[in-house]
Structures are given as structure tokens and as C-alpha cells.
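Understanding the architecture of this molecule
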Amino acid sequence: MLKTNNTSASVADAEKDDYPGRAYFVRHGESTSNERNIFAGVLDVALTPYGKLQARRAGMDIQKKGIKFDAVYVSHMIRARETCEIALDVSQALRSPDVPIQIDYRISERSQGIFTKRNKNLVRLALGYESFEEMLHSHNEAPPGGERITQVYSRVAAFYEEQIVPRLQRGENILVVCHEYVLEPLSVYLSGLPPTAYKRLKLPNAKALSREDLVKFRDYESSGVATLRKKTSDLSTMWAIALYAIAFLLGSFVKAVSASDGIPSNLFIAITVSGLAIATFYTYLSIDFKESKGEVSEAVKNLVWLWMLARWGVGLLLIFSGVLYQSPADLYKVLWVLFWMVPPALTSPVLSLLWGGNLYPAAILSRTLSIIAPVALIGTFAVSTLPINVKGLNFFYLILVVGLGIPAVIAQVWRNISPVNSNHHSNEWKFIGVLAVALMNCAIGFQFTPPTLIYDIFFSTNMNRSAACLQQLILAVLIFILIRILAALTSVISRRWLTEAEAQDAYILLTNPNFLLWAALFSGVSTNANPATLQYAIFWAALGFYCIPFVDQILLVNSFSSDLLREALRSSRVTTEDIKKLFLQLDTDGSNALDKDEIIELLGRIEDMTTGERSSEDIRRYVTDYLFATLDSDKNSTVDMQQLEDYVSTYGLVANVNVE
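Here is a short report on the structure shown in this document. From a predicted model like this one, the values you see are computed outputs, not experimental measurements. (Residues numbered from 1 in each chain as written. Predicted model: local features only at pLDDT ≥ 70, side-chain atom pairs only at ≥ 80, totals over all residues. Heavy atoms only, no water.)

By secondary structure assignment, the location of Arg-79 is in helix H4 (residues 78-91). Nearest to the buried, unbridged Arg-79 among oppositely charged side chains is Asp-44, at 4.6 Å. From its side chain, Arg-79 meets the backbone oxygen of Leu-43 in a polar contact 2.7 Å long. Sequence-distant contacts of Arg-79, that is, excluding residues within four places in its chain, are made with His-28, Ser-31, Ala-40, Gly-41, Leu-43, Asp-44, Val-45, Leu-47, Glu-109 and His-179. (Helix = DSSP H or I, 4+ residues; strand = E, 2+ residues; numbered from the N terminus. Buried < 20%, exposed > 50% of the residue type's maximum accessible area, 1.4 Å probe, protein only. Lys, Arg positive; Asp, Glu negative; His and termini not counted. Salt bridge = Lys/Arg side-chain N within 4 Å of Asp/Glu carboxyl O. Polar contact = N/O pair within 3.5 Å; in protein donor to acceptor, adjacent residues only side chain to side chain. Contact = heavy atoms within 4.5 Å.)

Below, the structure is given as C-alpha cells:
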């Protein structure tokens with residue numbers, strides 16, 4: 001391995017201005033793990049269609065530079081190889097057709113250990129921000145079973161010294177396609193700095209950067225302003241659900257203390273629509289609607305649709321049977337039934353990204369149901385005699401068009417026109433969308449809080465209002481609890497048909513009715529009933545809608561933390577020495593090498609000691625083929641002890657997670 005005390009001299013020798021050779025570095029295009037906000041690490045995930053578009057743009061960028069490559073190095077992982085193949089196909093940048101594309105495992109992605117396949121936001125919440133940053137982005141720390149930045153730095157520096165420097169000295173041009181956590185330590189090395197100088201950069205996907213570009217990018221992103229921006233983005237995303245609840249409570253508190261009449265209607269609409277529009281723009285910069293429809297499984301689609309139809313069937317029966325509504329005083333009963341019938345909130349994709357969902361069901365189904373359900377409501381109210389503000393649906397369609405449709409289209413157009421810059425902007429500035437929703441929630445809290453709330457609860461002077469306050473609070477609690485119990489039971493029952501991520505999306509869709517649509521139907525309704533009844537029904541529903549998800553998140557994070565702890569304990573059971581012992585047990589002929597069948601058995605024994613459950617032989621054979629493609633450099637169909645030890649010490653125990 002390269003000695004770090006020679007770093008500055010090595011870099012200076014490698015990149016003198018009078019060397020005609022040039023090296024370009026490309027991080028792979030967007031992968032399915034990037035889109036779903038999960039750690040990939042050594043998980044072999046493919047590019048999304050958007051990632052392939054980014055790879056094509058990388059090829060166009062290379063073509064514009066007019067450079068021809070004498071050598072190409074790429075990580076063995078699918079997302080890097082796909083990016084490389086597409087970019088070279090577009091750019092036609094090989095100096096000759098005989099230039100080989102060489103795979104080098106030293107530029108493969110950093111192992112994230114037990115964090116692999118887990119939602120980044122949940123891991124951050126489980127560990128706390130400072131602990132998360134220390135474990136992921138400190139030079140000498142790593143997730144349990146994962147790889148330290150110092151290890152990545154050493155292997156990528158060795159790769160650069162052995163493969164890139166000699167070619168630069170000969171005047172050759174080189175292309176390297178690999179990963180974020182490889183290029184970031186490399187940028188430190190190329191700056192002539194030790195691994196202790198490492199900082200998280202958030203490199204853009206599929207952008208061809210020269211050595212000078214990479215160093216300049218590192219210098220800029222390591223500055224105080226850039227570091228503050230990244231921290232703000234991370235913290236706002238991490239605490240988004242709590243921030244939304246606090247913003248609503250703040251607006252509610254100000255209204256209750258000031259006893260104000262509320263925000264003028266037009267101003268309230270402007271704030272609400274603007275907040276949703278900004279949040280939608282940043283959310284849909286991360287979602288490819290053109291391709292996402294095909295990513296929604298029939299199982300989750302059928303489950304959500306059946307539940308919505310069941311809710312509508314029960315709701316219509318109650319509304320038209322005459323049992324539910326007999327006088328204007330009963331309108332609140334209709335209100336709570338309709339709370340079950342409205343479609344999922346348009347913010348469902350945000351919860352999916354933050355809570356480890358599969359993203360696509362939350363995005364596609366919430367959008368589709370938000371278009372269909374209001375039309376069905378118009379038809380329902382047209383044949384009913386209920387005193388409901390049907391014109392309130394105009395407000396909702398304004399939200400749907402201006403708050404969702406237009407910004408979503410703008411985001412998708414920008415994604416297609418500039419896939420690299422739009423993606424980088426989304427990652428760096430998404431906290432703007434979080435803050436926009438927080439401002440909107442503050443306005444909603446102010447608008448829907450009864451001005452006499454404090455008096456009605458603590459200093460009752462009007463028994464009718466106090467009774468209405470208590471009655472609607474009890475109903476709201478029962479409704480929210482019942483919704484979640486049924487959704488949780490549905491998740492348990494459907495476990496055999498849905499993945500864990502899909503079950504999370506189903507739960508989100510079934511427990512988050514579109515509050516704004518629902519409130520619009522009853523705002524401004526004038527009946528002979530106690531006006532406080534509807535007023536408090538809307539207030540308690542708003543309080544539950546904006547604050548209960550924070551309770552959901554606390555429970556989810558507690559469960560996630562327990563699971564993470566169990567996984568950490570399992571991963572600690574096997575050390576490199578344990579693997580040596582298993583290796584020697586299987587090396588019956590004393591050749592100090594294992595063939596494929598023996599490696600398959602070795603993986604099974606490792607799983608016995610870690611997870612306690614063996615994966616199928618097909619899966620272990622797949623992983624074995626993967627390992628041999630990486631390690632069997634002499635193509636003798638065996639892997640020796642040293643090769644396996646080097647790999648495991650670098651990438652950790654990943655045998656049971658490297659299959660998507």
C-alpha cells in the first residue's frame with residue numbers, strides 16, 4: 001500500500017504541467033439506490049433511466065472536450081460499468097477500438113457495512129447527526145462491518161500511483177469511472193493532503209472532471225459556506241417531519257394568543273399554493289414520472305386501490321342511507337366519514353423518501369388518486385343534499401394544478417434538459433422545499449386554529465364551544481388511531497406479497513388523507529348547527545395530520561434502531577481470523593486456495609455465524625461468481641487466502657446483501 005507520508009511528492013510528480021497526459025474522472029449516473037435514498041456501497045445496483053440519461057450527457061461532455069482516451073478504468077459494479085459503456089458509446093472517445101476497458105476493484109465503492117440497503121435518513125435519525133457524520137465521514141471511522149475512509153484513500157492512492165501516473169508520464173489520456181466515496185478521498189490525495197483532511201463533497205453524478213476540476217471542486221466544497229449549506233440541507237431533511245409539526249404548532253399558538261381573525265383568504269391561498277409548489281419542485285427533481293409507473297408492483301397497487309374502494313363503499317353507504325345525516329347538527333359526522341374517503345396527501349412521496357419506502361407507489365398512487373377522488377366527490381355531492389362547500393374543490397384543483405402539476409412539469413423538463421446540474425441542485429438545495437412546507441404549515445396552523453381555543457379549553461365561558469372542542473378531540477383521536485391500526489394490520493397481512501419498502505409506502509398512503517382537500521369542503525360552510533363543531537373538527541384533524549406523523553417517525557426510528565443494533569451485533573461475530581479458520585477447514589487439500597463450490601460453502605458458513613440463516617444456493621452461487629470475477633485475476637478458477645483476506649478487510653462481510 002502507498003505510504004501517506006509521500007503523498008505530496010507523489011502528486012507533484014504525477015501531475016506536472018508539462019505532462020501532456022490528462023486524466024478524467026466520472027462518478028456513475030443516478031442509480032436505483034440514489035433515487036430511493038438508500039445506502040448502496042457494495043450492493044450491485046443498476047442505473048435508473050435518468051441515470052442512463054446522465055451517462056449520455058457525460059458522453060456528450062467528453063465529446064465536446066475533444067479528448068481521446070488511451071486507457072479506461074472502471075469499477076466492477078454495474079452502475080459504473082453501465083455509465084462507462086454509455087458515455088463511451090456517445091462520445092466515441094477511445095483512441096482506437098483496441099483500447100481495453102479495464103476493471104480494477106480498488107476503485108469500487110466503499111463498503112457501508114450494515115448500513116447497506118438502509119434508508120439514509122433513518123440511519124441519521126437513529127444515530128443522531130453528529131454520530132452519523134463521525135461514523136460516515138470521519139477519516140478513521142466506519143459503519144459496523146464497513147470500510148474506513150483511510151482504507152479507501154490507501155487503495156485509491158495505490159491505484160493512481162500504479163495505473164494512472166505511468167500513463168500520464170507517457171503522455172496518455174485516461175478515463176476513470178467509479179463512485180462518490182472513491183473520488184472524494186482521491187480528491188484529497190490529488191490535493192497533496194493526508195486522509196485526515198477528508199470532507200464530504202456530494203459530487204455530482206455523471207460529470208467528467210479533470211484532475212484540476214476535482215481539486216477545485218474539493219476546495220470549494222470544503223469551504224465554510226459550502227459546509228454550512230450541506231449541514232443545513234442534511235439537518236432540515238433529517239428533522240423535516242418535526243419541523244413541519246413545530247411550524248404548525250407555532251402558527252396555532254400565535255393565533256390562540258392573539259385571538260386574531262386569521263389570514264385573508266387570498267393571502268392564505270397564495271401561501272399554501274406557493275409552499276406546495278416549491279416543495280413539489282424539489283421533490284419531483286428526484287422522481288422520474290415517465291419511468292416510475294412501471295416500478296409500482298401490482299400487489300401494492302391492488303392493495304391501496306382495494307382499501308380506497310372499501311372506504312368509499314362504506315362512506316357512500318353511510319352518507320346515502322340517512323343514518324349518518326339527519327339534520328345540520330350531524331354534518332360533523334359526514335365530515336369525519338369523508339376524512340376516510342379523500343385521497344392520500346400529495347406530500348406522500350416526501351414521507352416515502354424519509355421513511356425508507358419504495359418511493360414509486362407513494363408518488364404514482366397519490367397523484368392518480370388526487371385526480372380521480374375529487375371528481376368522484378363532485379359526483380357524490382351533486383346527488384346529495386348535504387350543505388357542503390363544493391366550490392372548495394376549486395381551491396383544491398388550484399392546488400393540484402399550480403401547487404403540483406406545473407412545478408412537477410418544470411422539474412421534469414429541467415431533469416431532461418440538464419440531468420447533471422438539476423440533480424446536483426436538488427441534492428444541494430432541497431432544504432428550500434422543506435422550509436417552504438414549514439412556512440405553509442405555520443400559515444395553516446394560524447388559519448385553522450379557533451381564536452377562542454385557550455378560553456374554550458381552560459377558561460370556559462361558552463359551554464357549547466367547550467363541549468364541541470372536547471367532542472371533536474375525542475373523535476379525532478379515535479379516527480387517527482383506527483386509521484393506523486387498520487393500516488398496520490394491512491401491512492402485517494400483506495407481508496408475504498409486499499417488500500418491506502412497499503409495505504411502508506402502503507402504510508403512508510393509507511394513514512395520510514389529504515387534509516387540504518378535506519378542509520376545503522367544509523371551510524365557510526354555514527349551517528344551523530353549532531359553528532364551533534366544524535371549526536374544532538378541522539382544527540383537531542389538522543393537528544393530527546401535521547403532528548402525528550412525528551409520533552409515527554419516533555416509533556419507526558426506535559424499531560429501526562433496534563434492528564440496526566441487532567445487525568451490528570451479528571456483524572461483529574465474524575472477524576478476519578474467523579474467516580481464515582473457515583477457509584482452512586474447507587482447504588482439505590492444503591493448496592491454500594478454494595474453488596467455486598468451496599467458496600459457496602464458505603459463504604454459507606459465514607451466514608450461519610452472522611444472520612443464522614443461509615440464503616439459497618442460487619444466491620450464494622451468484623455472489624461467488626461475483627467474487628471470482630473480482631478476485632480471480634489469474635483465471636485459474638480458485639481464490640487463495642490472501643486474495644480473500646484483502647477483499648474482506650476492504651469490503652467487509654457483504655455476502656448476504658449484495659443481491660438486489
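Time to look at the pairing of strand E2 (residues 71-74). The two faces of E2 match: Ala-71 and Tyr-73 on one face and Val-72 and Val-74 on the other face are all buried. The pairing of E2 with strand E4 (residues 174-178) spans 4 bridges and is classified as parallel. In the sheet register, Tyr-73 faces E4, and the bridge partner there is Val-176. Alignment of E2 against strand E3 (residues 101-103), held across 3 bridges, turns out to be parallel. The residue of E3 that forms the bridge with Val-74 is Ile-103. (Pairing = 2+ DSSP bridges.)

On to the pairing of strand E1 (residues 23-27), then. With respect to burial, E1 is a largely interior element, 5 of its 5 residues being buried. Burial along E1 is two-sided: Ala-23, Phe-25 and Arg-27 facing one way and Tyr-24 and Val-26 facing the other are all buried. Two elements, E1 and E4, share 5 bridges in a ladder whose sense is parallel. By the bridge assignment, Arg-27 is partnered in E4 with Cys-178. Both E1 and strand E5 (residues 209-210) contribute to a ladder of 2 bridges, which runs antiparallel. Across the sheet, the residue bridging to Tyr-24 is Ser-210, located in E5.

So, about empty space enclosed by the protein. Considering all chains together, one arrives at 6 cavities of 30 Å³ or more under this definition. The volume enclosed by the largest cavity comes to roughly 950 Å³. Asn-34, Asn-37, Lys-120, Asn-427 and Lys-430 are, among the 47 residues lining the largest cavity, the residues nearest its centre. Sort the elements by how many residues they give to the lining of the largest cavity and helix H19 (residues 419-429) lands first, with 4 residues. When grouped by side-chain class, the residues that make up the lining of the largest cavity number 16 nonpolar, 19 polar and 12 charged. The space that makes up the second largest cavity amounts to roughly 320 Å³. Residues that form the lining of the second largest cavity fall into these classes: 16 nonpolar, 4 polar and no charged. (1 Å grid on protein atoms, 1.4 Å probe; cavity = no way out; pocket = protein on both sides within 12 Å on 5 of 7 lines; lining within 4 Å. Points joined across faces, edges and corners; volume = space filled by probe spheres on them. Nonpolar A, V, L, I, M, F, W, Y, C, P; charged D, E, K, R; others polar.)

With phi around 55 degrees, Ala-206 is a residue other than glycine that occupies positive phi space. Positive phi, normally seen in glycine, also occurs at Asn-592, with a value near 60 degrees. Following the sequence through the fold, Asn-592 ends up in the loop between helix H26 (576-586) and strand E6 (593-594). With a relative accessible area of 38%, Asn-592 lands in the partly exposed category.

Turning our eyes to something else, we now look at the pattern of salt bridges. Within this structure, the stated rule accounts for 24 salt bridges. Asp-104 is paired through a salt bridge with Arg-106; the nearest N and O atoms lie 2.9 Å apart. We note that Asp-104, like Arg-106, is buried. One continuous salt-bridge network, built from bridges that share partners, spans Arg-27, Glu-180, Glu-184 and Arg-200.

So, about helix H16 (residues 348-355). Summarising burial for H16: 7 of the 8 residues are buried, a large majority. Residues of H16 that are buried: Ser-348, Pro-349, Leu-351, Ser-352, Leu-353, Leu-354 and Trp-355. Gly-356 occupies a position one or two residues after H16 and carries a positive phi of about 80 degrees.

Moving on, we come to the packing of aromatic side chains. Following the criterion strictly, the structure yields 24 aromatic pairs and no others. With 5.5 Å between their ring centres and 75 degrees between their planes, Phe-339 and Phe-480 make a pair best called edge-to-face. With Phe-339 in helix H15 (residues 331-341) and Phe-480 in helix H22 (residues 463-493), this pair connects stretches of sequence that are 141 residues apart. This pair shows no difference in class: Phe-339 is buried, exactly as Phe-480 is. Three or more aromatic residues link up through ring pairs in this structure, and these residues are Phe-248, Phe-268, Trp-336, Phe-339, Phe-448, Phe-480, Phe-515, Trp-518, Phe-545 and Tyr-546. In this arrangement the basic side chain of Lys-120 is found over the ring face of Phe-39, its NZ or CZ atom lying 5.7 Å from the centre. The lysine or arginine in question, Arg-415, covers the ring of Tyr-50, its NZ or CZ lying 3.5 Å from the ring centre. (Phe/Tyr/Trp six-rings, centres within 6.5 Å; stacked < 30°, edge-to-face > 60°. Lys NZ or Arg CZ within 6 Å of the ring centre and 35° of its normal.)

Assignment of secondary structure puts Glu-30 in the loop between E1 and helix H2 (32-36). In this structure Glu-30 comes out as buried when scored by relative accessible area, which is 3%. Between the C-alpha atom of Glu-30 and that of Ala-46, which follows or precedes it by 16 residues, the distance is 8.7 Å. What Glu-30 contacts, discounting residues up to four positions off in sequence, is Glu-35, Leu-47, Thr-48, Tyr-50, Gly-51, Gln-54, Asn-205, Arg-415 and Asn-423. A distance of 2.7 Å separates a polar atom in the side chain of Glu-30 from a polar atom in the side chain of Thr-48.

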